[in-house]
Amino acid sequence: MSEPYVGIIVAVLGIAGTLGSAVFTQILAARARLAEIDREQQARAADHERQQADAAMATRRASYIAFNAEARHFHAQIRHCTHALHGQERPDDPWAALDEARKAFVEDYSEIQLTAPDRVLVAAGDVNSELNWLYGMVRRLNDGLEHEEESVERAQRELQNLWGDLDVLRTLMRQDLGVTADDAAHDTAHGLDGPPDRTPLPAPPTRPPGRGLRPTSRGTSPR
């Protein structure tokens, strides 16, 4: 091959190499940009998921706070009514306050049914059933329509026993929010951490046939 042809071939190869290098560089840059865009999209998606999770947790926390407070308030108002049934005078009308407390409790229970996980909802359902049963009992006692096994003393014993369920429910809600250890509910449920210091009451009589450890249908339950 003559020298002029060799020069032409070398020149062509040089131009091709230069052009190929530019194209290859552009391809690498495009791939890098696509990878960067993909990372940005993944980061935005992850941030959106975190925001949704934070919003859901904030909503659940608010519903837990409200339900825990209203359950205990409803419990307190039922207790006030048992005192009224014993003839203890009060400056306010305990029966009107009782109905207001029940209304607020029912509203918060309806909300927690849409936000709580199953194990919290089961415990909340137990508390709901028990409180509404006690509400019906004190109402019947006040109207003189109580059942044979119902009495003010029975209502007070059941209210005392209900503190354990309220404590378990609170612990389960705290677990779900990540603010307490997972074994705390087990300890509370089995009395390992000790209940609040309250004056012991006589053991309740055996429930009539058809009622379990916790009632599930007592007519007045809003569930």
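Thresholds applied
- Residues numbered from 1 in each chain as written.
- Predicted model: local features only at pLDDT ≥ 70, side-chain atom pairs only at ≥ 80, totals over all residues.
- Heavy atoms only, no water.
- Axes fitted to C-alpha atoms, helices over the stretch in contact; angles between N-to-C directions.
- Helix = DSSP H or I, 4+ residues; strand = E, 2+ residues; numbered from the N terminus.
- Parallel < 35°, antiparallel > 145°, perpendicular 65-115°, else oblique.
- Left-handed = near helix turned anticlockwise from the far one by under 90°.
- Salt bridge = Lys/Arg side-chain N within 4 Å of Asp/Glu carboxyl O.
- Buried < 20%, exposed > 50% of the residue type's maximum accessible area, 1.4 Å probe, protein only.

Undergrad: Please provide a residue-by-residue account of the packing of helix 3 (residues 118-143) against helix 4 (residues 152-176), values included.
TA: At their nearest, the axes of helix 3 and helix 4 sit 9 Å apart, and the two run at 160 degrees to each other. On the basis of the axis angle, helix 3 is roughly antiparallel to helix 4. The chirality of how helix 3 crosses helix 4 is left-handed.

Undergrad: Lay out the pattern of salt bridges in plain terms, naming residues and giving numbers.
TA: For the structure shown, the criterion picks out 8 salt bridges. The partner of Glu 158 in a salt bridge is Arg 154, and the shortest N-O contact between them spans 3.0 Å. Taken as a pair, Glu 158 and Arg 154 lie in helix 4 at a separation of 4 residues, close to a single helical turn. Among the salt bridges present, the one from Asp 167 reaches Arg 170, with a minimum N-O distance of 3.5 Å. Pair noted here: Asp 167 and Arg 170 are both in helix 4, with a separation of 3 residues, about one helical turn. Asp 167 sits in the buried class, given a relative accessible area of 8%. Overall, the relative accessible area of 36% leaves Arg 170 in the partly exposed class. Among the charged side chains, a salt-bridge network with shared partners connects Arg 72, Asp 167 and Arg 170.

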